[in-house]
Amino acid sequence: MFDRMLQRIYNIFMIYRKHQIATSSIIDANAHVSYIGLFDVVEDAITECMGKLHLDGITVKRDYNAFWVFTKNKIKLFGALAWGEEFVVESFVSSLSSAKMAVDTALKRLDGTLVAYSCCEMCVLDVETKRIRRTSTVGIDENFVVETPQLQVSFDKIEDADLPQVDTVTVRSTNIDYSQHCNNVEYMRFIFNTYAVEELKRLAVKEIEVCYVAQSYEGDALTVHKSVSDNCDVFSVKKDGSAVIKCRIAH
């Protein structure tokens, strides 16, 4: 009976949709949804989509002693959303293997025009060992429905050797999420804080790619490294000299 109920849930929620508004808490100095705000919207959509599937982090931790971590995320941008503008968010599982899952998220204007598109790869870690577990160990079976991507997104290797250090940050209590590690959006805050306000106002980002390499925790001292070119900036956030995340921002 439980298997039939689970299959019914999967079929109903193949694509999670919601209407949203560009609120003041996620806009930038240009009164547009900020790049950090964009990551906030994507994270919320992914977790809400997973919640509808009963695969959200809180449920997975309670029922399977495991938790999800983001491993990669690439966001392509095609426009900007102004303060007060309504838009539609669509989130769905676009691929699934024994070791990882990808969730795609599209932000669209009310007329259907694509504003941004994210492909985020995730894997399951065991709470005790912190080792990768099979997706099948958290209740995902062969009946799981996978949607066709609305946009093809491929991941690239981010080279971060010899990047000059530009900042030092300490992971604080408000950077920590329910998995007890630094939240993925907080790393983007560390990165975008390396730009001045006037730089951000002029910055026209086309694509942001992030590779989440390791975790960091409250009290960890991190160094932020950055190189700048005419059309691409590369970042590495490190702990004890080793990368925690790598990021490329194309503009």
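Residues numbered from 1 in each chain as written. Predicted model: local features only at pLDDT ≥ 70, side-chain atom pairs only at ≥ 80, totals over all residues. Heavy atoms only, no water.

Turning next to the packing of aromatic side chains. This structure, assessed with the given rule, holds 5 aromatic pairs. For the pair Y35 and F192, a centre-to-centre distance of 5.3 Å together with 20° between the ring planes defines the contact as stacked. Note that Y35 is positioned in helix α2 (residues 35-52) and F192 in helix α4 (residues 184-192), a separation of 157 residues in sequence. Accessibility classification places Y35 together with F192 in one group, the buried group. Summarising the aromatic geometry, the rings of Y187 and F190 are spaced 6.1 Å apart at their centres and angled 85° between planes, so their arrangement reads as edge-to-face. With Y187 and F190 both in helix α4 and 3 residues apart, this pair spans about one turn of that helix. Across the pair, F190 and Y187 agree in class, each one buried. Aromatic ring contacts, followed pair by pair, group Y35, F192, Y195 and F235 into a single cluster. A cation over a ring is seen here: K226 above Y195, with NZ or CZ 3.7 Å from the ring centre. (Phe/Tyr/Trp six-rings, centres within 6.5 Å; stacked < 30°, edge-to-face > 60°. Helix = DSSP H or I, 4+ residues; strand = E, 2+ residues; numbered from the N terminus. Buried < 20%, exposed > 50% of the residue type's maximum accessible area, 1.4 Å probe, protein only. Lys NZ or Arg CZ within 6 Å of the ring centre and 35° of its normal.)

Looking now at the nonpolar core. Of all hydrophobic cores here, the largest spans 58 residues; its most connected members are W68, L107, Y187, F192, I208 and I249. A total of 9 residues in this core trace back to one element, the largest contributor, which is α2. In this structure Y187 touches C182, Y212, A214, Q215, S216, L222, V237, V244 and I245, once residues within four positions along its chain are discounted. I15, F92, A102 and Y117 belong to the second largest nonpolar core, which has 7 residues in total. (Core = buried A, V, L, I, M, F, W, Y, C linked by side-chain atoms within 4.5 Å. Contact = heavy atoms within 4.5 Å.)

Pairs can form between side chains of opposite charge whenever their charged atoms are close. Counted by the stated rule, this structure contains 17 salt bridges. In this structure, E209 and K74 form a salt bridge, with 3.3 Å as the shortest nitrogen-oxygen distance. With E209 in strand β8 (residues 207-212) and K74 in strand β2 (residues 66-77), the pair connects residues that are 135 residues apart, well separated along the chain. For E209, a relative accessible area of 3% corresponds to the buried category. Residue class for K74 comes out buried when judged on its relative accessible area of 3%. For R248, the salt bridge identified is with E209, shortest N-O distance 3.3 Å. In this pair, R248 is assigned in strand β11 (residues 242-250) and E209 in strand β8, connecting sequence segments 39 residues apart. By relative accessible area, R248 is classed as buried at 19%. Ionic contacts of the salt-bridge type, sharing partners, join the residues K74, K76, D156, E207, E209 and R248 into one network. (Salt bridge = Lys/Arg side-chain N within 4 Å of Asp/Glu carboxyl O.)

On to the packing of α2 against α4. Contact pair α2 / α4: the axes reach a minimum separation of 9 Å and the direction vectors enclose 170°. Comparing their axes, α4 and α2 come out roughly antiparallel. Where α2 approaches α4, its residues Y35, I36, F39, D40 and E43 are matched on the opposing element by N184, V185, M188, R189 and F192. Per-class residue counts for the contact of α2 with α4 are 6 nonpolar, 1 polar and 3 charged. (Axes fitted to C-alpha atoms, helices over the stretch in contact; angles between N-to-C directions. Parallel < 35°, antiparallel > 145°, perpendicular 65-115°, else oblique. Nonpolar A, V, L, I, M, F, W, Y, C, P; charged D, E, K, R; others polar.)

Once that is clear, we can look at the environment of I26. Within the fold, I26 resides in the loop between β1 (16-21) and α2. You can call I26 buried: its relative accessible area is 10%. C-alpha of I26 to C-alpha of F39: the two residues are 13 residues apart in sequence and 9.7 Å apart in space. The contacts of I26, once residues within four sequence positions are left out, are H32, V33, S34, G37 and V41.

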